[in-house]
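Chain by chain, the residues:
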Amino acid sequence: MEKRFDSAAIILPMLGVGLVLLVWTFLSLKVAPDLPSPWRTWEESKKYILNPFFKDGEMNQGILRFTFLSLVRVAKGYLLAIAIGTPLGFLLGMSANFHRAFDPVIQVLRPISPLAWLPLGLVIFKQSELAALFTIAICAMWPTVINTAMGVRSISQEYLNVGRVLKLSPIKTLRRIMIPATLPYMFTGYRLSLGMAWLVIVAAEMLTGAPGLGGFLWQEYNSLVYSHILLSILAIGLIGYALDRLMSLVEGRFKTA
Amino acid sequence: MAFLEMRGVSKNFKVNGAKSGRVLPVLSNIDLAIDRNEFVSVIGRSGSGKTTLVSLIAGLIEPDQGTILLEGKPIDGPGPDRGIVFQNYSLLSWMTVFENVFLAVDAVAADIASNEKRERTRHYINLVNLGAAANKVPRELSGGMRQRVAVARGLAMEPKVLLLDEPFSALDALTRSTLQEEVARIWMETKKTVVMITNDIDEAILLSDCIYTLTSGPGATLSPALQVETAHPRSRKQLSGDATCQRLRRETFGLLAGKPNAVSAALLAS
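Residues numbered from 1 in each chain as written. Chains lettered and ligands numbered in written order. Predicted model: local features only at pLDDT ≥ 70, side-chain atom pairs only at ≥ 80, totals over all residues.

A few words on the overall build of chain A. A tally of helices and strands in chain A yields 10 helices and 0 strands. Ordering the α and β elements of chain A from the N terminus gives α-α-α-α-α-α-α-α-α-α. Out of the 257 residues in chain A, the part that is buried amounts to 38%. Considering only intrachain contacts with a sequence separation of at least 6, the fraction spanning at least 24 residues in chain A is 68%. (Helix = DSSP H or I, 4+ residues; strand = E, 2+ residues; numbered from the N terminus. Buried ≥ 20, exposed ≤ 12 C-beta atoms within 10 Å, placed from the backbone. Contact = placed C-beta atoms within 7 Å.)

Pasting the structure below:
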C-alpha cells in the first residue's frame, strides 16, 4: 500500500509535466510555428542554465544572475511594502474611525494593475529603478494591510481583558498581546504580498527594461529569440513557487505558536 | 464596613445593538457585602448574568446604576487588585506557563528586582503543582492544567480579591474535584478574599463560607446569603452525610428553581 502511494506521488506529477510538454510540442508543430518546441527551447537556452552565472553584458547573463537581480529588486520593494503595510493594517484594525476614513481609499487602490502604477512612478520619481520599487511596494502592500487589519480585529476580547486587568501600558499591550495574537494573520499577509511582489516584478522590469528576468524576457522578445521567453517564464514560475513554499514554512511556524 | 460591597447595582444590555433603543435588564438592584478573607460563592443558572456580575466587580464593564466599593473606595475600571480567573482560562497561547504567570507578576510588581519576580512566579506555579510544566505552552496542557495556570496567574497578582468565573465548568468530574480540593487548600494557605461564580451547588457548599443565589433573569437579583457554618477543610463525604449541608442544598436548590417543587424535592431526597 505504502509503496504504491509513493510511486504514485512521483509518477502522477511526471505524467502532468509530460502532458504539458506534449501539448507544447503539438502547438509548436501544428498551430504556432514561431513557438519553439521544448527541445529547441532547451538547445537554445542551455547556455543560460548550465552556466547560470556568466555575464556577457548587461542584458546577456546566466539565468541565476538575472534571477538574483530580480530577487534583489523584489526584496527592496517587498520590504518597503510590509514596512508600510503592517502599521497601516494595525491602524485599520484598531481604530474604527481610521477604518471608516481609509477603507474606501484602499478598496479603490487595491485593484489597480502594476501596469497603471508604473507610469505614475516614473512621473513622480523620474527614475526607472525607484519607479519599479514604488510599483512593487504599492501593489504588494494590500494583502499585508488587509490580513493584518483582519488579524487585529479578530484578537479575542479575552486576551485584551487580560491586558486590562493587569493594567498593561498601551505599548506593552501592543508588544505582549496584540502583535503576538496577530502574527499568524500577518504572516499570511506577508506570504500573499511576496507572491504579489513577484508578479509585479516582471511587469516592472518589462516596462523599465531593467536587467532581470522580466527585462530579459522583454528584450529577447524584441530580438525574436522566442525560446528565451519560455526560459524566462519557466524560471519566473519556479522561483515564484520556491518563494511561496519558503514563506509557507515560515508561516507554518507561526501558525502553531 | 464590608471589604467588597455592591450597592444597588444594575446592568442592562442593549438589544440588537445601540440603534433599537430597547434594553434588556440583566442584573437589577444587586446588593452584596463581602468580608475580608471570606470565600463567597454566587450561584446561578446559565444565562442568569453570573459572568456579568463578575465582570462588573472586575471593572471590565460598568454598571448602569449603583456603586461597587472595595475597601470603601469606588472601583475605577479593571485593575490587578481584583485578580480574575476567566471562565475559559484566557491564557496567552504564545507564552509558556512561566511567561503567562510572569506577565502578571511583572505587571503588578514593577518595582521589585527581576530575580525576585522570577522567584515569585515560580512560587505560584509550584503552589498549583505545575512546577514540571513551567516551560510548556498552553496547547501542550490538559484542560485541568490550563485552569491551574489561570489560578496561578490570578494568585500571582496578589490581589485583594480573587474572582473565579465558573473556574471548573469546562472540566471533567474527576479533574474538577481534584482542583476544587486544591483551591480549598490554597485558600486555607493564603486566606484570600474570593468571589466564585458557579452553577454547581455542591461546589459552592464545599468551598464557600457564604452562598448568594442569583435568581433567574432577565433582571436577576441576589437572594439573601446563606451561611455555610461547617468548618474548613471540608470533604465531599462530609457533605453527603451532613444534615446542615443537606438543608443548604435544599434551600439553594429552592432559590434557584424559584420555589421548591415536588420534582426537586424528590430529586434531593434520592
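Still more to cover.
Attention now moves to the overall build of chain B. Summing up its helical and strand segments, chain B has 9 helices and 10 strands in all. Relative to the 2.2 N^0.38 estimate, which gives 18 Å for 270 residues, the radius of gyration of chain B is 19 Å and therefore close to what a compact globule would have. When the backbone C-alpha atoms are referred to their principal axes, chain B occupies close to 60 × 50 × 35 Å. (Rg over C-alpha atoms; globule rule 2.2 N^0.38 Å.)

Below, the discussion takes up the domain arrangement of chain A. The domain architecture assigned to chain A consists of domain 1 (1–35) and domain 2 (37–256). For domain 1 of chain A versus domain 2 of chain A, the distance between C-alpha centres works out to 30 Å. (Domains from an automatic or database assignment.)

Of the residues in chain A, 97% have a pLDDT of 70 or more, and the chain-wide mean is 90. Ranking the helices and strands of chain A by mean pLDDT puts helix α6 (residues 128–153) of chain A first, with 95, and helix α1 (residues 2–31) of chain A last, with 86. (pLDDT = per-residue confidence, 0-100.)

Turning to the sheet that holds strand β4 (residues 65–70) of chain B, a few remarks are in order. Residues and elements named next belong to chain B. Strand order in the open sheet formed by 4 strands is β2-β1-β4-β5, with antiparallel pairing between adjacent strands. The outermost strands of the open sheet, each flanked by one partner alone, are β2 (23–34) and β5 (73–74). Where strand β1 (residues 4–14) and β4 come together, 5 bridges link them in antiparallel fashion. Across the sheet, residue methionine 6 finds its bridge partner in β4, namely isoleucine 68. Where helix α1 (residues 50–58) meets the sheet, it contacts β1, β2 and β4, and its direction lies at approximately 60° from that of β2. (Pairing = 2+ DSSP bridges. Axes fitted to C-alpha atoms, helices over the stretch in contact; angles between N-to-C directions.)

On to the domain arrangement of chain B, then. All names here are of chain B. Taken as a whole, chain B is organised into domain 1 (4–81 + 159–269) and domain 2 (88–158). One C-alpha centre belongs to domain 1, the other to domain 2; they are set 25 Å apart. Contact residues are listed per partner, giving 12 residues for domain 1 and 13 residues for domain 2. Top contributing element to the side of domain 1 that touches domain 2 by residue count: helix α5 (residues 173–190), with 6 residues.

Each partner contributes to the interface: chain B provides 15 residues, whereas chain A provides 13 residues. Ranked by residue count, the leading element in the side of chain B that touches chain A is helix α2 (residues 97–108) of chain B, at 4 residues. When grouped by side-chain class, the residues that make up the side of chain B that touches chain A number 12 nonpolar, 3 polar and no charged. (Nonpolar A, V, L, I, M, F, W, Y, C, P; charged D, E, K, R; others polar.)

Further remarks concern the nonpolar core. Counting 134 residues, the largest nonpolar core has Ile136(A), Ala140(A), Ala197(A), Val101(B), Ala152(B), Leu163(B) and Val195(B) as the members making the most contacts within it. Not counting residues up to four positions away in its chain, the partners in contact with Ala152(B) are Val101(B), Tyr124(B), Ile125(B), Leu127(B), Val128(B) and Leu130(B). (Core = buried A, V, L, I, M, F, W, Y, C linked by C-beta atoms within 7 Å.)

So, on to helix α3 (residues 114–127) of chain B. All names here are of chain B. Here α3 is 14 residues long and its end C-alpha atoms lie 20 Å apart, about the 20 Å a rise of 1.5 Å per residue gives. Burial in α3 covers these residues: Arg120, Thr121, Tyr124 and Ile125. When α3 is viewed along its axis, its buried side chains cluster within an angular range of 135° and face the same direction. Away from the buried face of α3 by more than 90 degrees, exposed residues Asn115, Glu116 and Glu119 are located. The inward-facing, buried residues of α3 contact α2 and α4 (143–156). (Expected span 1.5 Å × (residues − 1). Arc of directions from axis to C-beta.)

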